[in-house]
Amino acid sequence: MDPGFIAQYLLNGIVLGVIYAMVAVGFTLFFGVLDVIKFSHGDVVMAGAFTALATYAGLELLGVSDGMFAAIVITVMGIAAMAILGALLAKLLILPLRNAPPLNTLLITLMFGLALREAVRLFYPNGSNPKPFPQLLPDAAMTIGNLELRLDSVLLIVLGLGAIVAVHLLIQRTRIGLAIRAVAQDPETARLMGINFERVVLMTFALGSALAALAGITNGLYYSEVNFGMGLLLGVIGFSAAVVGGLGSLYGAIIGGFLFAALQTIGAVWFSVPAYKDVFAFACIIVLMAWKPTGLLADKSAERV
Amino acid sequence: MKSNRRGYWPVIVTALAAAMFVFLFLYLEQQWEIVLLAVGLIAVLFSSARFGLLRRVELAASDHPRTTIMVNVLAALLVIVLLRNEHFALLMLATVCLYVTICLGLTLQFGYAGIVNFAGIAFFGIGAYTAAVLSLHSALPHLLVIVISGLVAGLIGSLLILPMLRTRGHYAALVTIAFGILFRTFLEVNDLLGGPQGLKVPGMQVFGWSLNDNISLGPLGAVSFYASYAVVALLLAAGAYALIKRLERSWLGLNLDAVRTDETAAASFGIDLPRWKIFAFTAGNCLAGVAGGVYAMMSGFIAPASFNFGDSLLLVSIVLLGGSGNPLGVLPAALLVVVLPEKLQVIQEYRLLLFAVLVILILRFRPEGLLPRRMREYFAGWGR
């Protein structure tokens, strides 16, 4: 096969991997602090992209024409809105259900995601159709053989990787990160040490949801299109990535994200019908779950009875 | 013990009232009447649960399990006779019965054994596609085809349970979610199964008699052919209900309860966890598959669009809304969830949004559902 062709698939796979990893990091953060799965995460990704789109419509009305400036404004708006939404969700729906069976949390967030999805479909102007996402980043391209290296793809990869590294540094190097890790390890002891449990949980949900918004905007900028249903698949993929990597592990989520992108890319190259790539990737995930039931990197801990 | 048994008149009264209600619910057209009926149903359920009326009916029903099923089937047949000319109402009634059957399967999996299944509609779909392929390409009798649909769904489910056995909780949920999405995508890209356009399915034939023919029953006059399907679906749902109810009362149900409540404790009492999980998961999927087979023949046409992940969530909501683990709760919940959006055109478009909000509110404020499951009675007469 032509090396340029392979490089094109590789580049595409890396962008996908960055998006998936950003979504998966959210899942793993929430699981770390609260042992819950927040299934509306994919729809938060979608809502982030739509918030950005709505902001862009507002900017157009104001007559802003500079693409880079618009890109920054819509990203900030999307991230801020989703961070608030994530904290509200944790406060109103997830924390009150702390003592309920874990499945109830799973279901309530699934339903919240459905409500979010339906709300966008019904109430966003013409929301049931795919919406074009503005092309805001410089699209200068460099052609090497069959490979078309576009500047915006490179920018998106750098931005995404930068965001993941920033989250990693935040968790490993700052006081709030220390508090998040303490709560993840042992909520009771963390409370005894004077950590404000609820605040840490809300911060974590805000952080994860902000990353989700960034993932949604990256997705929109890369494909130049968003639709109300994109969150479901992205959420399931992010969840699969986090689970395959091992829930609660940051590195696991990143590895899982890139692994899923790799599986999809392999599936796309392998099968003549491109839609089989998801069937292939999910089948691989089911097999992986059978082989490593608690993920690739999760630590095996004995269950307390 | 004979003297301890109660009379069965509460069962008969309840069955007649329920039949009356179902008839009105399906027959009336005015929007405000429908809203009134739905609100009335929820109010009656809540208040009768609060004042212990429901308890009396349940006790009477558990004293006379056979009479209960008989009376209720007769009451439902009465509804079908009353609605004999209404195509749409009968189709809805049949759909409700099929949904009840799937949800009873889910009750067995989730309510009893504690296995989450977010791919309920996928197993329903496997049954439907099996029935379609078999009745198109083979001469097998249709009753046998429907049984095979259930077996195929159970078989594929028992492959899926293998990774689920090694995990639990969220990880097991992922396996079913991944399968549900995989199934839909697979159907859409598979040309052998008709791709996105789906397949046409011939109508059901039982002992040489085609259910798609209109029948005329002497004094009753012309009867819609959906009436025959409604009867088939009703018998299926009643059979599934009797089966699940029997299972709950037996040692099988006791073992399943133990598995759900505490896996570690159950295992240390010598209960073979994988065996019971496989049993519950496979049996539940078989029910879904059989319902799918009947659905395919009834609707005459199946397509991937009928088997969305959202529909699986709808099924889980029915189980939860009714009260997880209580087969009785499935009936009003399925009726509300299936019929209400069809009858209320105002909410048709907002159906999923409303259900999502409803389930969120239920989980937040009344997690036990409309009709909560009661504690198992170990000795007859306890707690009366």
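Residues numbered from 1 in each chain as written. Chains lettered and ligands numbered in written order. Predicted model: local features only at pLDDT ≥ 70, side-chain atom pairs only at ≥ 80, totals over all residues.

## Points about the overall build of chain B
So, point 1. Helix and strand content of chain B: 16 helices and six strands.
So, point 2. Summarising its shape, the C-alpha atoms of chain B cover approximately 55 × 55 × 40 Å along the three principal directions. (Helix = DSSP H or I, 4+ residues; strand = E, 2+ residues; numbered from the N terminus.)

## Observations regarding the overall build of chain A
So, point 1. A count of helical and extended segments in chain A gives 11 helices and four strands.
So, point 2. Principal-axis analysis of the C-alpha atoms places the extent of chain A at approximately 60 × 50 × 40 Å.
So, point 3. Here chain A holds 305 residues, and the buried ones make up 50% of them.
So, point 4. Put simply, 76% of the contacts in chain A that link residues at least 6 apart link residues at least 24 apart. (Buried ≥ 20, exposed ≤ 12 C-beta atoms within 10 Å, placed from the backbone. Contact = placed C-beta atoms within 7 Å.)

## A few points about the confidence of the model for chain B
So, point 1. Across chain B, pLDDT averages 83, with 92% of residues at or above 70.
So, point 2. Across the interfaces of the predicted complex, the ipTM metric reaches 0.81, alongside a pTM of 0.84. (pLDDT = per-residue confidence, 0-100.)

## Regarding helix H1 (residues 9-27) of chain B
Residue and element names in this part refer to chain B.
So, point 1. Between its first and last C-alpha, H1 extends 27 Å over 19 residues, near the 27 Å set by a 1.5 Å rise per residue.
So, point 2. Buried within H1 we find Val 11, Thr 14, Ala 15, Ala 19, Val 22, Phe 23, Phe 25 and Leu 26.
So, point 3. Against helix H2 (31-50), helix H3 (53-63), helix H4 (65-82), helix H5 (87-112) and helix H14 (327-343) lie the buried residues of H1. (Expected span 1.5 Å × (residues − 1).)

## Some remarks on the packing of H5(B) against H14(B)
Residue and element names in this part refer to chain B.
So, point 1. Where H5 contacts H14, the two axes come as close as 9 Å, and the packing angle between them is 135°. In terms of axis orientation, H5 runs oblique to H14. The crossing of H5 and H14 is right-handed. For the pair H5 and H14, the contacting residues are Met 92, Thr 95, Val 96, Tyr 99, Val 100, Cys 103, Leu 104 and Thr 107 in the first and Pro 327, Val 330, Leu 331, Ala 334, Leu 335, Val 338, Val 339 and Glu 342 in the second.
So, point 2. Across the contact of H5 with H14, the residue classes tally to 13 nonpolar, two polar and one charged. (Axes fitted to C-alpha atoms, helices over the stretch in contact; angles between N-to-C directions. Parallel < 35°, antiparallel > 145°, perpendicular 65-115°, else oblique. Left-handed = near helix turned anticlockwise from the far one by under 90°. Nonpolar A, V, L, I, M, F, W, Y, C, P; charged D, E, K, R; others polar.)

## Overview of the interface of chain B and chain A
Many authors give the size of an interface as the accessible area that is lost as the parts come together.
So, point 1. Contacts between the two partners involve 37 residues from chain B, matched on the other side by 37 residues from chain A.
So, point 2. When residues of the side of chain B that touches chain A are traced back to their parent elements, those giving at least two are helix H7 (142-165), helix H8 (170-189), helix H13 (309-322) and helix H16 (351-365) of chain B.
So, point 3. Broken down by element, the side of chain B that touches chain A gets its largest block of residues, 14 residues, from H8(B).
So, point 4. Looking at the side of chain B that touches chain A residue by residue, the class counts come to 27 nonpolar, six polar and four charged.

## What about unusual backbone geometry?
All names here are of chain A.
So, point 1. In this structure, Asn 126 is a non-glycine residue whose phi angle is positive, near 55°.
So, point 2. Here Asn 126 lies in the loop between helix H4 (102-123) and strand E1 (131-132).
So, point 3. Not every positive phi belongs to a glycine, and Ser 224 is a case in point at roughly 55°.
So, point 4. One can find Ser 224 in the loop between helix H8 (197-223) and strand E4 (225-226).

## Describing the environment of Trp276(B)
Residue and element names in this part refer to chain B.
So, point 1. Relative to the assigned elements, Trp 276 resides in helix H12 (residues 273-299).
So, point 2. For the pair Trp 276 and Gly 180, spaced 96 residues apart in sequence, the C-alpha to C-alpha distance is 23 Å.
So, point 3. If sequence neighbours within four positions are ignored, Trp 276 has contacts with Ala 113, Asn 255, Leu 256, Val 259 and Ile 271.

## Quick notes on H7(B)
So, point 1. The first and last C-alpha atoms of H7(B) sit 34 Å apart over 24 residues, in line with the 34 Å expected at 1.5 Å per residue.
So, point 2. At Leu159(B), H7(B) shows its largest bend, some 25°, and a proline, Pro163(B), comes one to four positions later. (Bend = angle between axes of the 7 residues up to and from the residue.)

## Let's talk about the packing of helix H9 (residues 226-249) of chain B against H12(B)
All names here are of chain B.
So, point 1. The geometry of H9 relative to H12 is characterised by a closest axis approach of 11 Å and an angle of 175° between their N-to-C directions. Accordingly, the angle class assigned to the pair H9 and H12 is roughly antiparallel. Where H9 approaches H12, its residues Tyr 229, Val 232, Ala 233, Leu 236 and Ala 240 are matched on the opposing element by Leu 287, Val 290, Ala 291, Val 294 and Met 298.
So, point 2. Tallied by class, residues from the contact of H9 with H12 come to 10 nonpolar, no polar and no charged.

## So, the environment of Met193(A)
So, point 1. In this structure, Met193(A) sits in the loop between helix H7 (187-192) and H8.
So, point 2. The sequence separation of Met193(A) and Ala179(A) amounts to 14 residues, and the corresponding C-alpha distance is 9.8 Å.

## Observations concerning the pairing of strand E3 (residues 147-150) of chain A
All names here are of chain A.
So, point 1. Note: strand E2 (residues 141-144) against E3, four bridges, orientation antiparallel. Opposite Met 142, over in E3, you have Leu 149 as the bridge partner.
So, point 2. The hairpin turn running from E2 into E3, its antiparallel successor, is two residues long, and Gly 145 in that turn takes a positive phi close to 60°. (Pairing = 2+ DSSP bridges.)

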